[in-house]
Amino acid sequence: MEKLTLYIGNKNYSSWSFRPWIAMTAAGIPFEDMVIPFDFPAGNPKFKPISPTGRVPVLHHGDVRVWESLAIIEYVAELFPDNGLWPKGAADRAVARSISMEMLSGFRALRGACPMNIRRPKRKIDLPDGVMDDVTRIQTIWRELRAKSGGPFLFGAFTGADAMFAPVVNRFDVYDLVADDETLAYMAAMKSHPAWLKWQEAALIEPWIVPEDEA
Ligand SMILES: N[C@@H](CCC(=O)N[C@@H](CS)C(=O)NCC(=O)O)C(=O)O
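Residues numbered from 1 in each chain as written. Predicted model: local features only at pLDDT ≥ 70, side-chain atom pairs only at ≥ 80, totals over all residues. Heavy atoms only, no water.

Residues in a regular strand point their side chains to alternate faces of the sheet. In terms of strand pairing, strand β3 (residues 58-61) meets strand β4 (residues 64-67) through 4 bridges, oriented antiparallel. Its bridge partner lying in β4, His61 is registered against Val64. In sequence, β3 turns back onto β4 through a hairpin of 2 residues, with Gly62 there showing a positive phi of about 60°. (Pairing = 2+ DSSP bridges. Helix = DSSP H or I, 4+ residues; strand = E, 2+ residues; numbered from the N terminus.)

Right under this line is the structure:
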């Protein structure tokens, strides 16, 4: 098989990059990552030649280009059907995709007010309207799925659905948004996963500061 190259933005802030990266790493898929730091307020011209949208993440696989974080996870799940990127049962897979789409298209108040920031010391901020509604909905998703699966991840073992929520775990943590044991237990499982720790280690030594992502 031709090699897989995942082009990503920096690891401290690039939440969309984090999703396929942690999914592929947790699933043991061999790939190379290429960090293309973005620090332009209006995007990064260096993304244009590598990505049809001028955005990252984008996966290169021979001549194939796959963009959009969830589409990348779907593509590698097809290439590696035995690596557990999605839950085994059709009903669980449907729910995993539903909540992944909900993440991709929703939770805008939370995403807008609380940018992912791996190195940020824990500190509360004033929250605009809508943020706590997003937090409550996400807590419900996590609580119901872990009650059904038995945890520690949403469907038992780590899947692409957990990957889609990984940046939210950072947001809940560093903006101190939640205090209930159930949510904190899921966050602890995510934050101690070897793939999370590997990303975090790289993020913490990055030199770039993106002022608009420093809430
Ligand atoms: N819906 C896309 C979002 C991609 C996205 O917005 N990526 C950001 C980095 S996290 C980006 O490339 N920003 C640069 C720009 O918008 O010019 C996905 O899921 O991959």
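Here we take up the pairing of strand β1 (residues 4-8). Burial analysis of β1 places 5 of its 5 residues in the buried class, the great majority of the element. Side-chain alternation along β1 places Leu4, Leu6 and Ile8 on one buried face and Thr5 and Tyr7 on a second face that is also buried. Bridging between β1 and β3 involves 4 bridges; their strand directions are antiparallel. From the neighbouring strand, Tyr7 faces β3, where its bridge partner is Val58. (Buried < 20%, exposed > 50% of the residue type's maximum accessible area, 1.4 Å probe, protein only.)

The next thing to look at is the packing of aromatic side chains. Scanning the entire structure with this criterion turns up 9 aromatic pairs. Each ring, one from Trp21 and one from Phe31, has its centre 6.4 Å from the other, and the planes form 85°; the classification is edge-to-face. Here Trp21, found in helix α1 (residues 15-26), pairs with Phe31, found in the loop between α1 and β2 (32-35); they are 10 residues apart in sequence, far enough to count as distant. Judged by its relative accessible area of 22%, Phe31 falls in the partly exposed class. Centre to centre, the rings of Trp21 and Trp199 are 5.1 Å apart; their planes meet at 65°, and the pair counts as edge-to-face. Of this pair, Trp21 sits in helix α1 while Trp199 sits in helix α8 (residues 194-204), and the two are 178 residues apart along the sequence. (Phe/Tyr/Trp six-rings, centres within 6.5 Å; stacked < 30°, edge-to-face > 60°.)

Its location among the elements puts Ile118 in the loop between α4 (108-113) and α5 (131-149). Sequence spacing of Ile118 and Ala203 is 85 residues, and the spatial spacing of their C-alpha atoms is 6.7 Å. With residues up to four places along the chain from it excluded, the contact list for Ile118 reads Lys11, Asn12, Asn170, Trp199, Gln200, Ala203 and Leu204. (Contact = heavy atoms within 4.5 Å.)

Approximately 280 Å³ is the volume attributed to the second largest pocket. Lining the second largest pocket are 18 residues, with Gly84, Leu85, Trp86, Pro87 and Lys88 sitting closest to its centre. Every element with two or more residues in the lining of the second largest pocket is listed here: α2 (69-79) and α3 (90-105). Each of domain 1 (4-83) and domain 2 (90-198) contributes no fewer than three residues to the lining of the second largest pocket. (1 Å grid on protein atoms, 1.4 Å probe; cavity = no way out; pocket = protein on both sides within 12 Å on 5 of 7 lines; lining within 4 Å. Points joined across faces, edges and corners; volume = space filled by probe spheres on them. Domains from an automatic or database assignment.)

On to the packing of α5 against helix α7 (residues 181-191), then. Contact geometry of α5 with α7 gives a least axis separation of 10 Å together with a crossing angle of 80°. Overall, the two elements α5 and α7 adopt an arrangement that is roughly perpendicular. Contact residues: Gln139, Trp142, Arg143 and Arg146 in α5; Glu182, Thr183, Ala185, Tyr186 and Met187 in α7. The class makeup of the residues in the contact of α5 with α7 is 4 nonpolar, 2 polar and 3 charged. (Axes fitted to C-alpha atoms, helices over the stretch in contact; angles between N-to-C directions. Parallel < 35°, antiparallel > 145°, perpendicular 65-115°, else oblique. Nonpolar A, V, L, I, M, F, W, Y, C, P; charged D, E, K, R; others polar.)

Next up on the list: the domain arrangement of the protein chain. Per the domain assignment, the segments of the protein chain are domain 1 (4-83) and domain 2 (90-198). Distance between the C-alpha centres of domain 1 and domain 2: 20 Å. Taken together, the 18 residues of domain 1 in the interface contact 21 residues of domain 2. Here domain 1 meets domain 2 over a buried area of about 1800 Å², counting both sides, of which 70% is carbon and sulfur. Contact with domain 2 buries area across many residues of domain 1, yet Asn12, Arg19 and Leu70 alone supply 32% of it, more than any other trio. Note that Arg97 and Glu74 form a salt bridge whose closest N and O atoms lie 2.7 Å from each other. Counting the contacts that link domain 1 with domain 2 gives 6 residue pairs in polar contact (both at pLDDT 80 or more). Listing elements by their share of the side of domain 1 that touches domain 2, those giving two or more residues are α1 and α2. The greatest single-element share of the side of domain 1 that touches domain 2, amounting to 9 residues, is contributed by α1. When its residues are assigned to classes, the side of domain 1 that touches domain 2 shows 9 nonpolar, 5 polar and 4 charged. (Buried area = accessible area lost by both parts, 1.4 Å probe. Salt bridge = Lys/Arg side-chain N within 4 Å of Asp/Glu carboxyl O. Polar contact = N/O pair within 3.5 Å; in protein donor to acceptor, adjacent residues only side chain to side chain.)

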